[in-house]
Amino acid sequence: MSKAVTPRKCSECGKRRMPAKRSNGKASTKCKECFGGQFWLSEFGRWFAEAAKRQSPASMPIDENDIEGIHALWKERKEATGFTKGDGQLKPAYEYHISHRDPAKGDGFQGRFTTANLIIATAKANKMAYNDEPIDHGFRVYTDKKPFGTAAKVREWCGGQYDLTGIVRDLGLKKYVSKKKSNADINPDFLPQGKPPQTMLEQQLRRFKGGSTDPWRHTISNANDSFTSALVYGIGLGSGELDESYEGTKERREEDF
Ligand SMILES: [Zn+2]
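Residues numbered from 1 in each chain as written. Predicted model: local features only at pLDDT ≥ 70, side-chain atom pairs only at ≥ 80, totals over all residues. Heavy atoms only, no water.

Novice: Got a minute to help me understand the nonpolar core in this structure?
Specialist: Generally speaking, nonpolar side chains in soluble globular proteins are found buried as a group. Membership of the largest hydrophobic core comes to 41 residues, with the highest contact counts inside it found for Phe39, Phe44, Trp47 and Phe48. Discounting chain neighbours no more than four positions away, the residues touching Trp47 are Ile70, Trp74, Arg77, Ile98 and Phe113. (Core = buried A, V, L, I, M, F, W, Y, C linked by side-chain atoms within 4.5 Å. Buried < 20%, exposed > 50% of the residue type's maximum accessible area, 1.4 Å probe, protein only. Contact = heavy atoms within 4.5 Å.)

Dropping the structure here:
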């Protein structure tokens, strides 16, 4: 363990506070709140703080790489949602959630907020599978640590844990500005069309070793049911571990909408 860290003057806000920790284990010159500032102002950071409220310090992402993996999924979901136009309004074409395989709030455990425990599923399947937990996917943390409960608590804890500034730099995260476009001017042909659930399911299963819809090919009639099965019972016939050779997310990372 490193030596005890004491409160000191923050180089950003000037307040006397506990310094944030850098990825090399050394203390930052900034306090926890200032250190991750840019991260929390980004669209992803705002989502992340909300999404992690049901977790506790025991069930958070393993490290910075893990958070970047979650970001890749977050981006993939955004693109898969796409746009459609109805009644002159732009609407999401599909509704997807980033779902836990082992649920965040299980019976005596918390499903870890980690790339391999997350899968993009239809919102409907996520609701159908909600907290159903007959199979252990391998991401259960048995703990009595209380969930953060608020985004502010998530932010404070993360500031002392991860190199958020490094993540901002790696991912090129920008401050989120709400784009209030006039819908009438937008031609949806120029916007992402989204990804139908069946395609999304096959791509998501390919993220995992042995993950495939092949074993079910004859029985799949509807993507929501298949997504629910994948969430509750696991990934095809495989081990369910992440397949490091999966390239889908990397390819997409280079495109920019
Ligand atoms: Zn500060």
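Next comes the rest of the write-up.
Novice: Explanation requested: the pairing of strand 5 (residues 83-86) in the structure shown.
Specialist: Across a regular strand the side chains alternate sides, sitting on one face of the sheet and then on the other. As defined by bridge partners, strand 5 adjoins strand 6 (residues 89-92) across four bridges and the pair is classed as antiparallel. Residue pairing in the sheet places Lys85 in a bridge with Leu90 of strand 6. Hairpin connection from strand 5 to strand 6: two residues lie between these consecutive antiparallel strands, with Asp87 at a positive phi of about 55°. (Pairing = 2+ DSSP bridges. Helix = DSSP H or I, 4+ residues; strand = E, 2+ residues; numbered from the N terminus.)

Novice: Please clarify how the packing of helix 8 (residues 197-206) against helix 9 (residues 223-233) should be interpreted in this entry.
Specialist: When two helices pack together, their arrangement is captured by the angle between the axes and the distance separating the axes. It is at 9 Å that the axes of helix 8 and helix 9 come closest, and there the two elements cross at 20°. In terms of axis orientation, helix 8 runs roughly parallel to helix 9. Note that helix 8 runs across helix 9; the crossing there is left-handed. Between helix 8, through Pro197, Gln198, Met200, Leu201 and Leu205, and helix 9, the contact on the second element is made entirely by Ala223, Ser226, Phe227 and Ala230. (Axes fitted to C-alpha atoms, helices over the stretch in contact; angles between N-to-C directions. Parallel < 35°, antiparallel > 145°, perpendicular 65-115°, else oblique. Left-handed = near helix turned anticlockwise from the far one by under 90°.)

Novice: When you look at the pattern of salt bridges in this model, what are you seeing that I'm missing?
Specialist: Pairing is possible between side chains of opposite charge, provided their charged atoms come close. If you walk through the whole model with that rule in mind, you get five salt bridges. As a salt-bridge pair, Lys30 and Glu12 come within 3.6 Å of each other at their nearest N and O atoms. One end of the pair, Lys30, is in strand 4 (residues 27-31); the other, Glu12, is in the loop between strand 1 (8-9) and strand 2 (16-17), with 18 residues separating them in the sequence. Notably, a salt bridge pairs Glu43 with Lys78, separated by 2.9 Å at the nearest N-O pair. Taken together, the positions of Glu43 in helix 3 (residues 43-51) and Lys78 in helix 4 (residues 64-81) put the pair 35 residues apart, joining distant regions of the chain. Accessibility expressed as a relative area gives 29% for Glu43, which makes it partly exposed. Each of Asp102, Asp136 and Arg140 takes part in one network of salt bridges that share partners. (Salt bridge = Lys/Arg side-chain N within 4 Å of Asp/Glu carboxyl O.)

Novice: Help me out: how do you make sense of the environment of Gly36 in this one?
Specialist: Structurally, Gly36 can be placed in the loop between helix 1 (32-35) and helix 2 (37-41). Classification of Gly36 as buried rests on a relative accessible area of 1%. The sequence separation of Gly36 and Gly166 amounts to 130 residues, and the corresponding C-alpha distance is 9.3 Å.

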